[in-house]
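For reference, the chains in residue letters:
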Amino acid sequence: MGDSPTWTAAPAAAERARSVLAAAWSCAVTAGGGREEFVGAHTVGQDGTVVLDVPADSTLLAAAVCAPRGEPSAVLEFADVSPVPVRNRIRARLWMAGWFSAEGERLTFRPTRIVLRQTSGAVVVDLDDFAAAAPDPLATAEAGLLTHLADCHSDAVERLTRLVEPDSLYGAVRVQPLAVDRHGLTLRIERARAHGDVRLAFHRPADTVAELTERMHILLTRASAASCPRALQRQRTDGDG
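Residues numbered from 1 in each chain as written. Predicted model: local features only at pLDDT ≥ 70, side-chain atom pairs only at ≥ 80, totals over all residues. Heavy atoms only, no water.

Caption draft 1: View of the sheet that holds strand E10 (residues 184–191). One open sheet holds the three strands; their spatial order is E9-E10-E11, and the pairing between them is antiparallel. Edge positions in the sheet fall to strand E9 (172–181) and strand E11 (195–201), since each has one partner strand and no second. Ignoring which end each strand starts from, the neighbouring axes of this sheet average 25° apart. In this sheet, E11 lies alongside E10 in antiparallel orientation, the contact comprising seven bridges. When the sheet's bridge partners are listed, Gly 184 is paired in E11 with Ala 201. In the packing of helix H4 (residues 142–152) onto the sheet, contacts are made with E9 and E10, and the angle to E9 comes to roughly 150°. (Pairing = 2+ DSSP bridges. Helix = DSSP H or I, 4+ residues; strand = E, 2+ residues; numbered from the N terminus. Axes fitted to C-alpha atoms, helices over the stretch in contact; angles between N-to-C directions. Contact = heavy atoms within 4.5 Å.)

Caption draft 2: Quick peek at the side chain of Arg 182. Tracing the chain through its elements places Arg 182 in the loop between E9 and E10. Ignoring any residue separated from it by four or fewer positions in sequence, one finds Arg 182 in contact with Glu 15, Asp 136, Pro 137, Leu 138, Phe 202, Arg 204, Pro 205, Ala 206 and Asp 207.

Caption draft 3: Just H4, in detail. Residues of H4 that are buried include every one of Glu 142, Leu 146, Leu 149 and Ala 150, and no others. With its buried residues spanning 95° around the axis, H4 presents them on a single face. Buried residues belonging to H4 abut strand E6 (90–103), helix H5 (154–160), E9, E10 and helix H7 (209–225). (Buried < 20%, exposed > 50% of the residue type's maximum accessible area, 1.4 Å probe, protein only. Arc of directions from axis to C-beta.)

Caption draft 4: Molecular detail of the nonpolar core. Ranked by internal contacts, the top residues of the largest apolar core, which has 30 residues, are Val 29, Leu 52, Phe 78, Leu 94, Met 96 and Phe 100. Setting aside residues no more than four positions away along its own chain, Phe 78 makes contact with Val 20, Leu 21, Ala 24, Ser 26, Cys 27, His 42, Ala 92, Arg 93, Leu 94 and Met 96. (Core = buried A, V, L, I, M, F, W, Y, C linked by side-chain atoms within 4.5 Å.)

Caption draft 5: Just the environment of Asp 136, in detail. When you line up the elements, Asp 136 lands in the loop between helix H3 (127–132) and H4. Taking the relative accessible area as the measure of exposure, Asp 136 reaches 6% and is therefore buried. What Asp 136 contacts, discounting residues up to four positions off in sequence, is Glu 15, Ser 19, Asp 181 and Arg 182.

Caption draft 6: View of unusual backbone geometry. Although it is not a glycine, Asn 88 sits at a positive phi angle of roughly 55°. Mapping Asn 88 onto the fold places it in the loop between strand E5 (73–81) and E6.

Caption draft 7: Broad picture of the pairing of strand E1 (residues 26–31). The sheet contact formed by E1 and strand E2 (residues 34–39) spans six bridges and is antiparallel. Residue pairing for E2: Cys 27 is matched across the bridge by Phe 38. Remark: two residues form the turn of the hairpin made by E1 and E2, two consecutive strands paired antiparallel; Gly 32 in that turn has positive phi of roughly 60°. The pairing of E1 with E5 spans three bridges and is antiparallel. When the sheet's bridge partners are listed, Thr 30 is paired in E5 with Val 75.

Remember that the coordinates give geometry; whether it matters functionally is a separate question.
Structure (structure tokens):
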């Protein structure tokens, strides 16, 4: 019934992990038996190094100062949350285990293990691949792009469902844009008791918002030329009754 995500022309795990890290606004840190939440406190270096600016009374900072060699072990967790309200909004989680070193109130984190969990499952990200990868060029703009599409162009989202296999739309009660990256757009198809994701791949990657606009126009042109799926027609008929 199309409930399993179809990742066509999707980003590699290292790129996806770097994208989650680049777009995340908050993170949770577990160290020394405690857990702290930080909002707007982290920055990311080109190699994926995470630097945290923490308050002077942070237990994490105290752990870094008091730990042997001044390098406590820690686990950082980042959640990738859909900016559009959908069922099960967490699209991915990123865990980074490693060591902190302290410089004043700044903590530099060096990962020794990275795990990315998506709806397709969990994968251990190679550290060298992670350091060499770059985040998706649309990662920091994605939230604004998706909310604009959902709020202002619901007709376009409905038209794009013409590119989805009819079986995947059977019983659909709502379709929303879930994610977009340089490789394609993912739609979340919600049913009464279940949901599934369908990916619409671009004909070539989009590295800028302008290129994304062109890729979306091509998808919409293809959708306009396609027939309306029977499942969606049945949904409309039921709703009209």
